[in-house]
Amino acid sequence: SMAESSDLTQRAIAFETIGWIGVSLEGKVTLADLGNKMSNCIEKLEDLIRDSPTEIRIRGMNAFSSLIKLDKENQSNEFLSITECWYKRALGNRGSPMQLLVGIVKLPFADMRLAMYGLLNNIAKQGWGRREILRFPGFPELLLDRSTERDKDGKDTKYELIQSLVESGIRKRFFCARW
């Protein structure tokens, strides 16, 4: 019920709690077993990330990043399916999820970009996420444009995302030829 509250702080706390539970595999299974209750709840996350004050948006991105994080050794079909479903349910209500994510990366606010790069890094470590990132028109080129980040934290976080994409083995030629 807190996720549906009109109070943005309560909603942020609710999603941070869900993200904390969903970090573990057991938590992901438990949340997935909630079925429609979880699906309906997670659909509210897009509003938090899209239309809230900066601090709340960052908290929402960090919570969602924790929720969909999946280490390589745990990437079974079941867990990949769960995280992909949550990604689409949470961010696909008003169009393309990648359009929302790329739009945030292009904003001039360093703290929001850092949170988004962290979220994108967790997405990039999964096969479906790499496809989403690499298929979005112009985004791989944006990632490779060195002039888009000016501070060290931004450059380092962006580099971690690129490194995750390159280490996956997908499109190695694409990145190596342009880097």
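The following refers to the structure shown. (Residues numbered from 1 in each chain as written. Predicted model: local features only at pLDDT ≥ 70, side-chain atom pairs only at ≥ 80, totals over all residues. Heavy atoms only, no water.)

**Focus: the packing of helix H8 (residues 110-124) against helix H11 (residues 152-167)**
And then number 1: Interaxial distance between H8 and H11 falls to 9 Å at its minimum, and their mutual angle equals 10°. The orientation of H8 relative to H11 falls into the category roughly parallel. From H8, Leu114, Tyr117, Gly118, Leu120, Asn121 and Ala124 reach across to H11, where they touch Asp153, Gly154, Thr157, Lys158, Glu160, Leu161, Ser164 and Leu165.
And then number 2: Split by residue class, the contact of H8 with H11 holds six nonpolar, five polar and three charged. (Axes fitted to C-alpha atoms, helices over the stretch in contact; angles between N-to-C directions. Helix = DSSP H or I, 4+ residues; strand = E, 2+ residues; numbered from the N terminus. Parallel < 35°, antiparallel > 145°, perpendicular 65-115°, else oblique. Contact = heavy atoms within 4.5 Å. Nonpolar A, V, L, I, M, F, W, Y, C, P; charged D, E, K, R; others polar.)

**With respect to the packing of aromatic side chains**
And then number 1: Counted under the stated rule, the structure contains one aromatic pair.
And then number 2: Judged by centre distance (4.9 Å) and plane angle (45°), the rings of Tyr87 and Trp128 are tilted. Taken together, the residues Tyr87 in helix H6 (residues 77-91) and Trp128 in helix H9 (residues 127-135) connect sequence positions 41 residues apart.
And then number 3: According to the relative accessible area criterion, Tyr87 is buried, its value standing at 0%. (Phe/Tyr/Trp six-rings, centres within 6.5 Å; stacked < 30°, edge-to-face > 60°. Buried < 20%, exposed > 50% of the residue type's maximum accessible area, 1.4 Å probe, protein only.)

**As for the environment of Ala90**
And then number 1: Within the element layout of this structure, Ala90 appears in helix H6.
And then number 2: Looking at Ala90, the relative accessible area reads 0%, which means it is buried.
And then number 3: Sequence separation of Ala90 and Lys69 is 21 residues, and the distance between their C-alpha atoms is 14 Å.
And then number 4: Those residues in contact with Ala90 that lie beyond four places of it in its chain are Ile42, Glu43, Leu45, Glu46 and Phe64.

**Focus: the pattern of salt bridges**
And then number 1: This model, assessed by the stated rule, comprises seven salt bridges.
And then number 2: Between Glu43 and Arg89 there is a salt bridge, with its nearest N and O atoms 3.0 Å apart. Of the two residues, Glu43 is situated in the loop between helix H3 (36-42) and helix H4 (45-51) and Arg89 in helix H6; the sequence distance between them amounts to 46 residues.
And then number 3: The salt bridge involving Arg50 is made with Glu46; its shortest N-O contact spans 2.7 Å. Pair noted here: Arg50 and Glu46 are both in helix H4, with a separation of four residues, about one helical turn.
And then number 4: Judged by relative accessible area, Arg50 falls into the partly exposed class, the value being 24%.
And then number 5: Through salt bridges with shared partners, a single ionic network connects Glu16, Glu55 and Arg59. (Salt bridge = Lys/Arg side-chain N within 4 Å of Asp/Glu carboxyl O.)

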